[in-house]
Number of protein chains: 2
Amino acid sequence: MNADSNINRRIVLASRPQAAPTAEHFRLEQHPVPEAGAGQMLLRAEWLSLDPYMRGRMSDAPSYAPSVGIGEVMTGGTVSRVVQSNLDGFKPGDLVMAYTGWQDYALSDGSLVTKLPADMAQPSHALGVLGMPGYTAYAGLLDIGQPQAGETVVVAAATGAVGSVVGQVAKLRGCRVVGIAGGAEKCEYAVKELGFDACIDHRAADFAKQLEQACPQGIDVYFENVGGAVFDAVLPLLNVHARVPLCGLIAQYNGGSADTSSSVLMRRLLTRRIHMQGFIIFDYYQKRPDLLAAFHKEVGAWLAEGKLRYREDVVDGLENAPQAFIGLLQGKNFGKLVIRIDQK
Amino acid sequence: MNADSNINRRIVLASRPQAAPTAEHFRLEQHPVPEAGAGQMLLRAEWLSLDPYMRGRMSDAPSYAPSVGIGEVMTGGTVSRVVQSNLDGFKPGDLVMAYTGWQDYALSDGSLVTKLPADMAQPSHALGVLGMPGYTAYAGLLDIGQPQAGETVVVAAATGAVGSVVGQVAKLRGCRVVGIAGGAEKCEYAVKELGFDACIDHRAADFAKQLEQACPQGIDVYFENVGGAVFDAVLPLLNVHARVPLCGLIAQYNGGSADTSSSVLMRRLLTRRIHMQGFIIFDYYQKRPDLLAAFHKEVGAWLAEGKLRYREDVVDGLENAPQAFIGLLQGKNFGKLVIRIDQK
């Protein structure tokens, strides 16, 4: 199915999954392309970001952000092109980063819209290494994790959009970096391409033992984006004064459970004087403009100089977003998952 | 039994409790009073502090400090008088704060010994409001809790050595303070004498509901020294960006369990961006001399001016220390528990 310039394809939430989402929880609809009114602009999406946090939006459990309503367009960040504009500062042809969701076209009043260079070589980077996932890695690692040279930093989902940046930035700061990933191919990539000191396959039967052996000095910073059984293996290895930036729990999003009781966790936090801190990157856009500027400058330079590697998993076609997202929650993607929306 | 100047009474660990300690886990021994050798002084204890952390020392489970060995003297802080001294800077009659444990006499090489004013009006305060428990409250609340005027601060064991200082300092900083304590008498004391805005009895059948009603704006800082069922009631009330200084888990020390799984706790830490940090006050003596000086100055002044109330639960006689300690773990004390060792 190709995009038609008269039709706006929208993927809406059809029903709420109780466990892992399946195709039936999404519905593709076709609507007329809207017209920009006064104080509005019309945006056409070129790239759509798919991220684990979207699973939370499909649920009506209380979280940090409102749920997507049944029948509403799935939320998501896009790189979009301005088609029409009745807004000062935006003109047709401008390239922007916006939160227009899983659809071809959207109206915008300019809020939460950031301009990108119109000739940006790889616009999809604004959805990954130079965007929200990259800033998540940078802010969580540096502001909460406070890694010191020589310390051991462990990160799960090591080849993902966030984990790959966490590990590489930690390496650039002089740390020993141990990744955790699913499967031999990803682990090999983390070591050979990303430069991690080691990467452990969490599917291995002796995963916990391998992790312990890879961290002979214990763990000083654990960047948590997984939870579940991976965290259970990490917890006994956390050193005194360890820091645990907690930015995601993908293993739990579909209802998976952890066996450890909170009393075990809390006792460990106490005796090891561990600092565990949940964070949502959106807070950091508001409260730390200094850090955001440092991120853009530093990560942008590392990327340009080839000191930081970045891998995308590109899926073509908006209509394939549901299946790609279902696979993301199962760890089937390899690198930052983005949807290339059909070009006109 | 009275102290005899030729005999050193020592209370040693007889065996390790698996659950709540009982009298059989302690043994009172009598030994000759030792003589101070070169570079040593002989100290005679006048006051012994009993604190919940001592339960951890009775166990051989890994913790932040070594266990007491079977047959060894129970550890503990004391206010002691110098009897003999072959150490520069200490002379007979000097009053000191030391860690000489549950015994009348001890030799010391001066390490971990702090001089007190020889004419100190209430020397036992050095074991409580002006000592380790007071500094625990001050450092944990201010450095990790970061309470802001108008915020809601909740503290359990509200009339205890730590909790009473946490709540009063938070009030002095302009916070709404809700205590949690065991029984109507302690709750009344927290409100009427300590000036808390409310205090909830954790033994009440509708404890969780009462706590929620007492915190209509949620909880911004929860000073955790209890764990277990109390924490389960607090967790749903923690606000976005709440801070949880974690300094003790008395409800768990005897093996009590919490039902909440760590996945529930972690999800809450994440979505509410909660900062939970275990701490051990001994770290703060090393790393924050500035804060220690501020504590002595500020809390000392508040106490002298009557702005801060302090209650002691005094038990006479070293031989009664085991029973008093067993009661401490059951919440039977009312105020800071200290043993007044028989005077010569």
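Within each chain, residues carry numbers counting from 1 in the order of the written sequence. For this description, chains carry letters from A and ligands carry numbers from 1, given in the order in which they are written. Where local features are concerned, this predicted model is filtered to residues with pLDDT of at least 70; where side-chain atom pairs are given and counted, the filter is 80 or more; whole-chain, interface and lining totals use all residues. No hydrogens and no water enter the side-chain calculation; it runs on all heavy atoms of the structure.

### Thoughts on the environment of Asp283 of chain A
Next up, step 1: If you trace the backbone, Asp283 of chain A turns up in helix H9 (residues 281-287).
Next up, step 2: Burial classes follow relative accessibility: with a 1.4 Å probe on protein chains only, a residue under 20% of its type's maximum area counts as buried, one over 50% as exposed, and anything between as partly exposed. Residue class for Asp283 of chain A comes out buried when judged on its relative accessible area of 15%.
Next up, step 3: Every residue pair with non-hydrogen atoms within 4.5 Å of one another is taken to be in contact. Contact partners of Asp283 of chain A, with chain neighbours within four places excluded, come to His241 and Arg273 of chain B.
Next up, step 4: Distance and chemistry together define a polar contact, namely a pair of N or O atoms within 3.5 Å, with one atom able to donate a hydrogen and the other to accept it when in protein, and with adjacent residues in sequence counting only for side-chain atoms on both sides. One polar contact links Asp283 of chain A to Arg273 of chain B, side chain to side chain, over a distance of 2.8 Å. Note on conventions: DSSP H or I runs of at least 4 residues are helices, E runs of at least 2 residues are strands, and numbering of each starts at the N terminus.

### Brief notes about unusual backbone geometry
All names here are of chain B.
Next up, step 1: Look at Ala157: it is not a glycine, yet its phi comes out positive at around 50°.
Next up, step 2: On the basis of relative accessibility, which here comes to 38%, the residue Ala157 falls in the partly exposed class.
Next up, step 3: The phi torsion at His241 lies on the positive side, around 65°, for a residue other than glycine.
Next up, step 4: Along the polypeptide, His241 turns up in strand S12 (residues 238-246).

### Focus: the pattern of salt bridges
Next up, step 1: When a carboxyl oxygen of Asp or Glu lies within 4 Å of a side-chain nitrogen of Lys or Arg, that pair is called a salt bridge. Taken as a whole and judged by the stated rule, the model has 38 salt bridges over all chains.
Next up, step 2: Put simply, Arg243 of chain A and Glu151 of chain A hold a salt bridge, and the shortest N to O gap is 2.6 Å. Of this pair, Arg243 of chain A sits in strand S12 (residues 238-246) while Glu151 of chain A is found in the loop between helix H2 (132-145) and strand S8 (152-156), placing the two residues 92 residues apart along the sequence.
Next up, step 3: What makes Glu151 of chain A buried here is its relative accessible area of 16%.
Next up, step 4: In this structure, Asp104 of chain B and Arg9 of chain B form a salt bridge, with 2.7 Å as the shortest nitrogen-oxygen distance. One end of the pair, Asp104 of chain B, is in the loop between strand S5 (95-98) and strand S6 (105-108); the other, Arg9 of chain B, is in strand S1 (residues 7-13), with 95 residues separating them in the sequence.

### A look at the domain arrangement of chain A
Residue and element names in this part refer to chain A.
Next up, step 1: Domain assignment breaks chain A into domain 1 (7-128 + 312-340) and domain 2 (132-281).
Next up, step 2: Each domain's limits were defined by an automated method or a database of domain assignments. Once you take the C-alpha centre of each, domain 1 and domain 2 turn out to be 29 Å apart.
Next up, step 3: On the side of domain 2, 12 residues touch domain 1, which itself brings 20 residues to the contact.
Next up, step 4: What gets called buried area is simply the loss in accessible area from a 1.4 Å probe that two parts show on being joined, summed for both. For the pair domain 1 and domain 2, the summed buried surface comes to about 1,300 Å²; carbon and sulfur atoms form 63% of the total.
Next up, step 5: The tally of links from domain 1 across to domain 2 stands at zero salt bridges.

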